[in-house]
Amino acid sequence: MKKYYVNQNAQSNGDHEVHTADCIFLPILANRKYLGEFSNCKLAVTEAKKTYPKSNGCKSCSNDCHTT
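Residues numbered from 1 in each chain as written. Predicted model: local features only at pLDDT ≥ 70, side-chain atom pairs only at ≥ 80, totals over all residues. Heavy atoms only, no water.

Q: When you look at the side chain of S62 in this model, what are you seeing that I'm missing?
A: By the secondary structure assignment, S62 is in the segment after β4 (55–57). Taking the relative accessible area as the measure of exposure, S62 reaches 2% and is therefore buried. Excluding anything up to four places from it in sequence, S62 contacts Y4, V18, T20, C41 and G57. (Helix = DSSP H or I, 4+ residues; strand = E, 2+ residues; numbered from the N terminus. Buried < 20%, exposed > 50% of the residue type's maximum accessible area, 1.4 Å probe, protein only. Contact = heavy atoms within 4.5 Å.)

Q: What's the story with the environment of F38 in this structure? I'm lost.
A: Mapping F38 onto the fold places it in strand β3 (residues 32–38). A C-alpha to C-alpha distance of 5.6 Å links F38 and K2, two positions 36 residues apart in sequence. Ignoring anything within four residues of it in the chain, the contact list for F38 reads M1, K2, Y4, L43, A44 and E47.

Q: Even after reading the chapter, I still don't get the nonpolar core, so can you show me in this structure?
A: Generally speaking, nonpolar side chains in soluble globular proteins are found buried as a group. Core analysis: the largest hydrophobic core is formed by 11 residues, namely Y4, V6, V18, L35, F38, C41, A44, V45, A48, Y52 and C65. Those elements giving two or more residues to this core turn out to be β1 (2–7), β3 and α1 (41–48). No other element matches the 4 residues that α1 contributes to this core. Discounting residues that sit within four places of it in the chain, V45 has contacts with V18, S55, N56, G57 and C65. (Core = buried A, V, L, I, M, F, W, Y, C linked by side-chain atoms within 4.5 Å.)

Q: When you look at the pairing of β1 in this model, what are you seeing that I'm missing?
A: Across a regular strand the side chains alternate sides, sitting on one face of the sheet and then on the other. Alignment of β1 against β3, held across 6 bridges, turns out to be antiparallel. Opposite Y5, over in β3, you have Y34 as the bridge partner. Where β1 lies against strand β2 (residues 16–20), 3 bridges are found, and the strand directions are antiparallel. If you follow Y5 over to β2, its bridge partner there is H19. (Pairing = 2+ DSSP bridges.)

Q: Just to check I follow, could you spell out the pattern of salt bridges for this structure?
A: When the charged atoms of two side chains with opposite charge come close together, those side chains can pair. Per the counting criterion, the structure on display carries 2 salt bridges. A salt bridge links K54 to D15, with the shortest nitrogen-to-oxygen separation between them at 3.9 Å. Of this pair, K54 sits in the loop between α1 and β4 while D15 sits in the loop between β1 and β2, placing them 39 residues apart in sequence. Looking at D15, the relative accessible area reads 4%, which means it is buried. (Salt bridge = Lys/Arg side-chain N within 4 Å of Asp/Glu carboxyl O.)

Take it as geometry only, folks, not as evidence of what the structure does.
What follows is the structure, given as structure tokens:
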């Protein structure tokens, strides 16, 4: 199980990226929302979409869920 966060600031394409706690691209504390502990990024992205419908996995730490 990993801890996941979503970036509260959208990327230039409108996506809110989902990151693991150990990601090198994890946003600063003020710019991230804790999603919880999940066994995979798909579950974390589903949780993020409840707040940010246009959520996407980080290419670095959640590549399986990175679509754009």
